[in-house]
Amino acid sequence: MKKVLFLAAVLAFASCKKETSEPTNATTESVSEGESAKAKSPEELGKQLFEGAGNCFACHQPDQKVVGPSIKEIAKIYKDQKGDIVTFLKGNAEPIVDPSQFEVMKTNFAITKEMSDEELKAIETYIYSQLK
């Protein structure tokens, strides 16, 4: 629920003030927390998560290595090696792109392990979209 509220705040679709002052509306928003995700394409949702709640953008840029490899490099290597980005983000696969940075990446597993499969697949879709 925290990440959905965070996403809602980032998107400015909902206000915490409205949620607490309008119980009927808050219930509607609470029930439809995933609705903002459904209103977006998987690529758009993935980009939003990558740049926001996922904290991925702090280390991964589209075209250049910062702390971690570029998004394009990640996409190319995972595609070429038929890797599973979602499984990796769940913490259930070995790194195949830049193992030397794995300890740094592991700190973000606390975030990605809390994401739904839909959210992780959206991040994967966004990463692969960088190959276009």
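Above: the structure in question.
Residues numbered from 1 in each chain as written. Predicted model: local features only at pLDDT ≥ 70, side-chain atom pairs only at ≥ 80, totals over all residues. Heavy atoms only, no water.

## Description of the packing of aromatic side chains
Aromatic ring pairs are defined here through the distance separating the ring centres and the angle between the ring planes.
Line of reasoning, step 1. Going through the model one piece at a time under the given rule, you end up with 5 aromatic pairs.
Line of reasoning, step 2. Taking the centre distance of 6.5 Å and the plane angle of 50° together, the rings of Tyr 78 and Phe 88 count as tilted. Of this pair, Tyr 78 sits in helix H6 (residues 71–80) while Phe 88 sits in helix H7 (residues 85–89), placing them 10 residues apart in sequence.
Line of reasoning, step 3. With relative accessibility at 9%, the residue Phe 88 sits in the buried group. (Phe/Tyr/Trp six-rings, centres within 6.5 Å; stacked < 30°, edge-to-face > 60°. Helix = DSSP H or I, 4+ residues; strand = E, 2+ residues; numbered from the N terminus. Buried < 20%, exposed > 50% of the residue type's maximum accessible area, 1.4 Å probe, protein only.)

## Brief notes about the packing of helix H5 (residues 42–51) against helix H10 (residues 117–129)
Line of reasoning, step 1. Across the interface, H5 lies against H10 with an axial gap of 7 Å and an inter-helix angle of 95°. With respect to H10, the element H5 is oriented roughly perpendicular. Residues Pro 42, Glu 43, Leu 45, Gly 46, Lys 47, Leu 49, Phe 50 and Glu 51 of H5 form the contact with H10, whose own contacting residues are Glu 119, Ala 122, Ile 123, Thr 125, Tyr 126, Ile 127 and Ser 129.
Line of reasoning, step 2. Across the contact of H5 with H10, the residue classes break down as 8 nonpolar, 3 polar and 4 charged. (Axes fitted to C-alpha atoms, helices over the stretch in contact; angles between N-to-C directions. Parallel < 35°, antiparallel > 145°, perpendicular 65-115°, else oblique. Contact = heavy atoms within 4.5 Å. Nonpolar A, V, L, I, M, F, W, Y, C, P; charged D, E, K, R; others polar.)

## Comments concerning the pattern of salt bridges
Close approach of charged atoms allows side chains of opposite charge to pair.
Line of reasoning, step 1. Scanning the model with the defined rule gives 6 salt bridges in all.
Line of reasoning, step 2. Across the pair Asp 63 and Lys 72 runs a salt bridge, and its minimum N-O distance is 2.9 Å.
Line of reasoning, step 3. On the accessibility criterion, Asp 63 (57% relative accessible area) is exposed.
Line of reasoning, step 4. The closest approach of N and O atoms between Lys 76 and Asp 80, which form a salt bridge, is 2.6 Å. (Salt bridge = Lys/Arg side-chain N within 4 Å of Asp/Glu carboxyl O.)

## With respect to the nonpolar core
Line of reasoning, step 1. In terms of nonpolar packing, the biggest core is built from 24 residues, with Leu 49, Phe 50, Tyr 78, Phe 88, Leu 89, Ile 123 and Ile 127 touching the most fellow members.
Line of reasoning, step 2. Of all the secondary-structure elements, those providing two or more residues to this core are H5, H6, H7, helix H8 (102–106) and H10.
Line of reasoning, step 3. Residues within four places of Phe 50 in sequence aside, it is in contact with Asn 55, Cys 56, Phe 57, His 60, Ile 71, Ile 123, Tyr 126 and Ile 127. (Core = buried A, V, L, I, M, F, W, Y, C linked by side-chain atoms within 4.5 Å.)

## What about the side chain of Gln 61?
Line of reasoning, step 1. Of note, Gln 61 is situated in the loop between H5 and H6.
Line of reasoning, step 2. On the basis of relative accessible area, Gln 61 is assigned to the buried category, the value being 18%.
Line of reasoning, step 3. Here Phe 57 takes part through its backbone oxygen, which lies 2.8 Å from a polar atom of the side chain of Gln 61.
Line of reasoning, step 4. Discounting residues that sit within four places of it in the chain, Gln 61 has contacts with Val 66, Ser 70 and Ile 71. (Polar contact = N/O pair within 3.5 Å; in protein donor to acceptor, adjacent residues only side chain to side chain.)

## Re the side chain of Glu 124
Line of reasoning, step 1. In this fold, Glu 124 is placed in helix H10.
Line of reasoning, step 2. Sequence-distant contacts of Glu 124, defined by excluding residues within four places in its chain, comprise Asp 84, Ile 85 and Val 86.

## Some remarks on unusual backbone geometry
Line of reasoning, step 1. Backbone geometry at Asn 55 places phi at a positive 65°, although glycine is not the residue there.
Line of reasoning, step 2. Take Asn 55: it is sitting in the loop between H5 and H6.
Line of reasoning, step 3. The phi dihedral of Lys 82 is positive, around 55°, even though this residue is not glycine.
Line of reasoning, step 4. Structurally, the position occupied by Lys 82 is in the loop between H6 and H7.

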